[in-house]
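# Commentary on secondary and tertiary structure
Listed here are the chains, written in short residue letters.
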Amino acid sequence: MAILEVKNVGKRFGGLQALGDVNLNVEENSCHAIIGPNGAGKSTLLNCLVGKLIPDTGSVMFDGQSVLGRKPYEINQMGISRVFQTPEIFGDLTVMENMMIPCFAKRDGSFRMHALESIAHEKDIVGKAEHMLEEMKLIDKRDMHSASMSRGDKRRLEIAMCLAQEPRLLLLDEPTAGMARADTNNTIDLLKQIKEERDITIAIIEHDMHVVFSLAERITVLAQGTPLVEDTPDNIKGHPKVREAYLGETQAA
Amino acid sequence: MFGLKKHDSRLFIVVAVLALAAPFLLNPFPDGSAMAQFNAGYPDLMQRFVIFGIFAIGFNLLFGLTGYLSFGHAAFLGLGSYGAVWMFKLLSMNIIPAIILSVIVAGVFALIIGYISLRRSGIYFSILTLAFAQMMFAIAYSDLIGRFVGTPITNGETGLQLALDDPRVLGISATPDGSIPLTNLFGLEMRSVFNLEVGGWLFTFSFGYYVCAVVMLLSFYVAIRIFRSPFGLMLRAVKSNQQRMNYTGLNTRPYTLAVFVISGMYAGLAGGLMASMDPLAGAERMQWTASGEVVLMTILGGAGTLIGPVLGAGFIKYFENIFAKINDNVLHSWFAFMPDGLEDLMVTIVHPFVGKGWHLTLGIMFMLVVIFLPGGLVEGGQRIGRLFRRRDDKATSVESDAAEQRKPAAE
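Nothing here was measured: the structure is a model prediction, and the numbers come from that model. (Residues numbered from 1 in each chain as written. Chains lettered and ligands numbered in written order. Predicted model: local features only at pLDDT ≥ 70, side-chain atom pairs only at ≥ 80, totals over all residues.)

For chain B, the count of helices and strands is 18 helices and 6 strands. Here the C-alpha atoms of chain B give a radius of gyration of 23 Å, agreeing with the 22 Å that 2.2 N^0.38 yields for 411 residues. Dimensions of chain B, computed from C-alpha atoms along their principal axes, come out at roughly 75 × 70 × 40 Å. Within the span of chain B, comprising 411 residues, buried residues form 43% of the whole. (Helix = DSSP H or I, 4+ residues; strand = E, 2+ residues; numbered from the N terminus. Rg over C-alpha atoms; globule rule 2.2 N^0.38 Å. Buried ≥ 20, exposed ≤ 12 C-beta atoms within 10 Å, placed from the backbone.)

For chain A, the helix and strand inventory stands at 9 helices and 10 strands. Here the C-alpha radius of gyration of chain A, 19 Å, is about what a compact globule of 253 residues would show, namely 18 Å. With respect to the principal axes defined by its C-alpha atoms, chain A has extents near 70 × 40 × 35 Å. Once local pairs closer than 6 in sequence are excluded, the contacts in chain A between residues at least 24 apart make up 66%. (Contact = placed C-beta atoms within 7 Å.)

Each α-helix winds once per 3.6 residues, and so residues spaced three or four apart point in a common direction. For helix 13 (residues 308-322) of chain B, with 15 residues, the first-to-last C-alpha span of 21 Å sits near the 21 Å given by 1.5 Å per residue. Those residues of helix 13 of chain B that sit buried are G308(B), P309(B), V310(B), L311(B), G312(B), A313(B), G314(B), F315(B), I316(B) and K317(B). (Expected span 1.5 Å × (residues − 1).)

All names here are of chain A. Pairing in this open sheet of 4 strands is antiparallel, and the strands run 2-1-4-5 from one edge to the other. Pairing within the sheet leaves two strands with one partner each, and these edge strands are strand 2 (16-27) and strand 5 (65-66). One ladder, built from 2 bridges, connects strand 4 (residues 57-62) with strand 5; its direction is antiparallel. Counterpart to F62 in the pairing with strand 5 is Q65. Helix 1 (residues 42-50) rests against strand 1 (2-13), strand 2 and strand 4 of the sheet, and its axis sits at about 65 degrees to strand 2. (Pairing = 2+ DSSP bridges. Axes fitted to C-alpha atoms, helices over the stretch in contact; angles between N-to-C directions.)

Attention now goes to the interface of chain A and chain B. Interfaces are frequently sized by the accessible area removed from exposure as the parts join. With 33 residues of chain A in contact, the opposing surface of chain B contributes 26 residues. Where the side of chain A that touches chain B is concerned, the elements lending two or more residues are helix 2 (72-78) and helix 3 (95-108) of chain A. For the side of chain A that touches chain B, the element with the highest residue contribution is helix 3 of chain A, accounting for 6 residues. Looking at side-chain class alone, the side of chain A that touches chain B contains 18 nonpolar, 7 polar and 8 charged residues. (Nonpolar A, V, L, I, M, F, W, Y, C, P; charged D, E, K, R; others polar.)

What follows covers the environment of L11(B). All names here are of chain B. On the secondary structure map, L11 appears in helix 1 (residues 6-20). Owing to 16 C-beta atoms within 10 Å, L11 belongs among the partly exposed residues under this scheme. Separated by 114 residues in the primary sequence, L11 and F125 have C-alpha atoms spaced 33 Å apart. Apart from the residues within four sequence positions on either side, L11 is in contact with L306 and I307.

Time to look at the confidence of the model for chain B. Scored by pLDDT, chain B has a mean of 89; 95% of the residues are at 70 or more. Predicted as a complex, the structure gets a pTM of 0.91 and an ipTM equal to 0.92. (pLDDT = per-residue confidence, 0-100.)

So, on to the pairing of strand 10 (residues 226-231) of chain A. Residue and element names in this part refer to chain A. Of the pairings in the sheet, the one linking strand 9 (residues 218-223) to strand 10 comprises 5 bridges and is antiparallel in character. Looking at the pairing, T220 lines up with E230 of strand 10. The hairpin formed by strand 9 and strand 10 contains 2 residues between the paired strands, and Q224 there has a positive phi angle of roughly 50 degrees.

Right, let's talk about the domain arrangement of chain A for a bit. Residue and element names in this part refer to chain A. According to the domain assignment, chain A consists of domain 1 (2-79 + 167-247) and domain 2 (91-154). Placing a centre on the C-alpha atoms of domain 1 and another on those of domain 2 gives a separation of 28 Å. With 5 residues of domain 1 at the interface, the matching set in domain 2 holds 4 residues. Contributions of two or more residues to the side of domain 1 that touches domain 2 are made by helix 2 and helix 6 (181-197). Here the residues of the side of domain 1 that touches domain 2 are counted per class, giving 2 nonpolar, 2 polar and 1 charged. (Domains from an automatic or database assignment.)

Counting 177 residues, the largest nonpolar core has M99(A), A160(A), I54(B), F55(B) and A270(B) as its most contacted members. Taken together, domain 1 (2-79 + 167-247) and domain 2 (91-154) of chain A each give at least three residues to this core, which thus spans both. (Core = buried A, V, L, I, M, F, W, Y, C linked by C-beta atoms within 7 Å.)

Residues and elements named next belong to chain A. Spatially, 6 strands are ordered 6-7-8-3-9-10 in an open sheet, and the strand pairing comes out mixed. In this open sheet, the two edge strands, each paired with only one partner strand, are strand 6 (80-83) and strand 10. Within the sheet, the average angular offset between the axes of one strand and its neighbour, ignoring direction, is 20 degrees. Alignment of strand 3 (residues 31-35) against strand 9, held across 4 bridges, turns out to be parallel. Looking at the pairing, A33 lines up with I219 of strand 9.

Put simply, chain A has an average pLDDT of 90, and 97% of its residues get 70 or more. Here helix 9 (residues 240-247) of chain A is the element of chain A with the lowest mean pLDDT, 74, and helix 3 of chain A is the one with the highest, 96.

Below, the discussion takes up the packing of helix 8 (residues 207-227) of chain B against helix 11 (residues 252-277) of chain B. Residue and element names in this part refer to chain B. Viewed as axis vectors pointing N to C, helix 8 and helix 11 meet at an angle of 175 degrees, and their least axial separation amounts to 11 Å. Considered as vectors, helix 8 and helix 11 are oriented roughly antiparallel to each other. Note on element contacts: helix 11 touches helix 8 through Y266, L269, L273 and M277, opposite G208, C212, V215 and S219. Taken together, the residues of the contact of helix 8 with helix 11 sort by class into 6 nonpolar, 2 polar and no charged. (Parallel < 35°, antiparallel > 145°, perpendicular 65-115°, else oblique.)

All names here are of chain B. In contact at an axis separation of 7 Å, helix 5 (residues 95-117) and helix 11 are set at 145 degrees when each is read in the N-to-C sense. Read as a crossing pair, helix 5 and helix 11 show a hand that is right-handed. Across the contact of helix 5 with helix 11, the residue classes break down as 18 nonpolar, 8 polar and no charged. (Left-handed = near helix turned anticlockwise from the far one by under 90°.)

Residue and element names in this part refer to chain A. Phi angles above zero are rare outside glycine, and E166 is one such case at about 50 degrees. Tracing the chain through its elements places E166 in the loop between helix 5 (151-164) and strand 7 (169-173). Residue E166 is classed as partly exposed on the basis of its C-beta count, with 13 C-beta atoms lying within 10 Å. Not every positive phi belongs to a glycine, and E174 is a case in point at roughly 40 degrees.

Residues and elements named next belong to chain A. In terms of burial, strand 7 is a largely internal element, 5 of the 5 residues being buried. By the alternation rule, side chains of strand 7 split into L169, L171 and D173 and L170 and L172, which are all buried. Where strand 7 and strand 8 (residues 201-205) come together, 5 bridges link them in parallel fashion. Bridge assignment links D173 to a residue of strand 8, and that residue is I205. Each parallel crossover has a hand, and the one from strand 7 via helix 6 to strand 8 is right-handed. (Right-handed = clockwise from strand over helix to strand, strands pointing away.)

Let us now look at the environment of I172(B). All names here are of chain B. Here I172 is to be found in the loop between strand 1 (160-161) and strand 2 (184-185). Assessed through the 12 C-beta atoms surrounding it within 10 Å, I172 is described here as exposed. Sequence separation between I172 and A75 is 97 residues, and the spatial gap between their C-alpha atoms is 30 Å.

In structure tokens form, the structure reads like this:
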């Protein structure tokens, strides 16, 4: 069953047709990659899924419900978590505080006025956050300022924060962009582990083919705002249209 | 203690002791001595210390935690004063209903202004709050509402005052000897003082001051609880990264609105107390300079710290009242030991910085603090503390290392 159904989505910015007519189904508990050259509309598509942009045409259904017109926090509460290209964490807070916030959001919803209770007394939240940090091997950085961590650790924390909300769909926007090879491999291993251990659907936008081919079960190739092909990684590798889109090769060459 | 962690309880106890012993601590110089003019232990000024302390604590909840810089907070202070004076005019001279009304009035207005202003952030939010405050100042100053209703509401530039023919349904309109009754707490008058003479010192204990001090301590306690609560954590998260907040399923609007209202209610409380000490309310309390002052207090003391705003408020009010009193005669007496020419020169040099020029000194100090101590006076204190601790560390470095390692486990 498809957990995410994108139907005929189009988005125009002034004279630029960023998304033409996108149809995309992401199967539950699969890992679906969206690739494409720069300017293909990958990020626009992602922003349409999380409520940052509203598409001009078409529909986006998550688990049978439309996400269009909902605010980002509402869509998140429906079960979609997003990891950003540059890790978005709470840089002024400690790692532990970062970790507690999604735990509160999961338990209490989008707003709760608990102004006179002490965090120290929230045993279940503290326990859950510590458990997550342990699982993500960040527990030794518990009281560190999150802004002073390495890029790889920030990414790890951001993913941990998303997972703490127990999302059904995890969206990753170029999770290894700007990372060193070792950090990239660590992230791949982490994502593989997440996929194995949890009931979670992953949709990933990525430039790095190494990452895509080691994770994805389905791949959609996007070019100039429209999906070119959708297939398994093996079939995508040798597909002439993909080579054309990426390398500018013509059929004749 | 009281649901606070050890560290916070210690801070609270220190503040409580300082506030309650203020009549002694702020009067270090014997009465009549040359230094006596630096004494700040008289009721009027001490009341101002704690009242502006409350104002700054509330402002810091908004600005220090969420980073939203309101430039119109004095409006809530002024509203609180008007509310309290109206209660004195209509109900009774007891300060409890007056203060309750001032908090409610300020809270209602904060809800409306916050709801509109919080649609924007950063500089636009500041400008919106400033615009609202100036509008309210103009309305109060011209008594626009009063002119519509037909009876004075804010009484324009004269300010709202008590009169002998006020109804005061639960109290008396006038005392038997024909004067306006005094503000009181169940019969105990705010003005009542108890003087204690010890040697050359004269200590004045004012009931009004102690009422203000207790209210300040309660406000401080609530502020600590808010700082350490999940709500406080969310507010700091708003300051740190709103994008991540939204994509973590959290709606930032109700959080910022809630703290804006709380902060406005603190300002209303301060305004109500101010009117309780001296029952009149004027529009100048709502002017933008008054809003700027609380921003200065908070930044000077240390925005986002617990004790900073109180320190900043005390610091600025001390300057305003003590430095402003130093005139040329005082300066001449200070430099009297110097040869005549030199004495005059020194007086000329120092003159622009004292008396009416106290703003200049304050401005310089503010610049120095912002440039060298971005964390305010609190950071200065911490640096000095660290300096001492480092000296200790050298002696017992092994122990402190162990203590350092133990700390995360203990917390």
